[in-house]
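The primary structure of each chain is shown beneath.
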Amino acid sequence: MDNSIAPALYIVPTPIGNLEDITFRAVRVLKQCDIIACEDSRTASKLLKLLEIEPKLLISYFEHNERARAGELVDKIQSGKSVALISEAGTPIISDPGWAVVREAIARNIQIVSLPGASAFLTAIVASGIAADKFAFFGFPPHKKGRKTFLQKVVDLDMTSVMYESPYRIHKLLDELHDIATADRQICLARELTKIYEEFIRGSIAEVKEIIKNKSNFKGEFVVILEGKK
Ligand code: SAM
């Protein structure tokens, strides 16, 4: 049986916690491709081992050298190799590196095969109870410079907003949103999605702020879903 796949750039989502959340197709592509391009080869090796996938070749592409790496990876595809792009978790490019590789592949007329799969924002929004018919994804709010303007833009939007936030800044974010939005605006914090301690905290900004008030060592990463301005 020929186990090879056509030379192309494959964008392959990986689980965001629960290892079962990977598709049959993703596993096959990762097994058959010539090169797996990952953020960090040590974390990728761990994941691939758990999934019982033996990579033919792992190449790490860091955010800082992504541009240079993009050219090299696309060279490999042009020389007949199949390259699967993965990130630490979820879908590459979504608040993760990989965009430069996709741009370079498009510029050189290389086929891109995008596999559907896990992403934290989609998993969160559909269970939030907040309207998902129209929404904007903002990724991580800036830590310092431009944060105020960024959050004001989010709060002023007349559709649902989705953001990513770390456990260290979640209280600060709630305080800031409480200051600039009406306190009855609905919000949902989704944390530890697909993991043992998965939790959805839903309510008005004031209610959710109160619920998390005494949880100082909140573990896990967050997806924050904010109702749009009425
Ligand atoms: N590429 C990923 C995706 O498709 O969702 C996102 C990568 S980004 C570097 C990591 C952020 O995604 C975390 O800080 C958190 O906000 C969110 N995230 C990832 N996994 C999550 C999970 N299991 N539960 C809640 N949020 C998660």
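Residues numbered from 1 in each chain as written. Predicted model: local features only at pLDDT ≥ 70, side-chain atom pairs only at ≥ 80, totals over all residues. Heavy atoms only, no water.

In this section: the overall build of the chain. Secondary structure summary: the chain contains eight helices and 10 strands in total. Classification of the 230 residues of the chain by burial places 46% in the buried group. Just so you have it, the chain exposes about 12,600 Å², and 53% of that area is on carbon and sulfur atoms. Side chains of the chain give 31 positive and 30 negative charges; the mean places of these two sets differ by 3 Å. (Helix = DSSP H or I, 4+ residues; strand = E, 2+ residues; numbered from the N terminus. Buried < 20%, exposed > 50% of the residue type's maximum accessible area, 1.4 Å probe, protein only. Areas by Shrake-Rupley, 256 points an atom, 1.4 Å probe, with all protein chains shown as cover. Lys, Arg positive; Asp, Glu negative; His and termini not counted. Charge placed at Lys NZ, Arg CZ, Asp CG, Glu CD.)

The biggest cluster of nonpolar side chains holds 21 residues, and the ones touching the most others in it are Tyr10, Val12, Val29, Leu30, Ala84, Ile86 and Leu115. Broken down by secondary-structure element, the contributors of at least two residues to this core are helix H1 (24-32), strand E2 (35-38) and helix H2 (41-50). Apart from the residues lying within four places of it in its own chain, the contact partners of Ala84 are Tyr10, Val12, Val29, Leu30, Cys33, Ile35, Ile36 and Ala37. Within the second largest apolar cluster, 20 residues are counted, among which are Val154, Leu177, Leu189 and Ile212. (Core = buried A, V, L, I, M, F, W, Y, C linked by side-chain atoms within 4.5 Å. Contact = heavy atoms within 4.5 Å.)

Right, let's get into the domain arrangement of the chain. For interface size, the figure often reported is the accessible area lost on association. Partitioning the chain into domains gives domain 1 (9-114) and domain 2 (120-226). The centre of domain 1, based on its C-alpha atoms, is set 29 Å off from the matching centre of domain 2. Contacts between the two partners involve six residues from domain 1 and, on the opposite side, 10 residues from domain 2. Three residues, Ile16, Ile94 and Ser95, lead the burial of domain 1 against domain 2; their summed loss comes to 77% of the area buried on that side. The tally of links between domain 1 and domain 2 comes to zero salt bridges. The interface formed by domain 1 and domain 2 includes one residue pair in polar contact (both at pLDDT 80 or more). A per-class count over the side of domain 1 that touches domain 2 returns two nonpolar, three polar and one charged. (Domains from an automatic or database assignment. Buried area = accessible area lost by both parts, 1.4 Å probe. Salt bridge = Lys/Arg side-chain N within 4 Å of Asp/Glu carboxyl O. Polar contact = N/O pair within 3.5 Å; in protein donor to acceptor, adjacent residues only side chain to side chain. Nonpolar A, V, L, I, M, F, W, Y, C, P; charged D, E, K, R; others polar.)

Bringing the pattern of salt bridges into the picture now. If you walk through the whole model with that rule in mind, you get 14 salt bridges. Across the salt bridge formed by Lys172 and Glu176, the nearest N and O atoms sit 3.4 Å from each other. Taken as a pair, Lys172 and Glu176 lie in helix H7 (residues 170-180) at a separation of four residues, close to a single helical turn. A residue is classified by how much of its surface remains accessible, and Glu176, at 21% relative accessible area, is partly exposed. Among the salt bridges present, the one from Lys215 reaches Glu199, with a minimum N-O distance of 3.6 Å.

Let us look at the environment of Gln152. In this structure, Gln152 sits in helix H6 (residues 147-156). Separated by 65 residues in sequence, Gln152 and Ser87 place their C-alpha atoms 30 Å apart.

This part takes up the packing of aromatic side chains. Under the counting rule described, the total for this entry stands at five aromatic pairs. Seen from their ring centres, Phe138 and Phe150 are 5.6 Å apart, and the 75 degrees between their planes marks the pair as edge-to-face. With Phe138 in strand E6 (residues 135-139) and Phe150 in helix H6, the pair connects residues that are 12 residues apart, well separated along the chain. Given a relative accessible area of 15%, Phe150 falls into the buried group. Linked through ring pairs, Phe121, Phe135, Phe137, Phe140 and Tyr164 together constitute an aromatic cluster. (Phe/Tyr/Trp six-rings, centres within 6.5 Å; stacked < 30°, edge-to-face > 60°.)

It is worth spelling out the side chain of Thr194 at this point. Structurally, Thr194 is set in the loop between strand E8 (186-191) and strand E9 (199-204). A distance of 2.9 Å separates a polar side-chain atom of Thr194 from the backbone nitrogen of Asn18. Setting aside chain neighbours within four positions, we find Thr194 in contact with Ile16, Gly17, Asn18 and Asp21.

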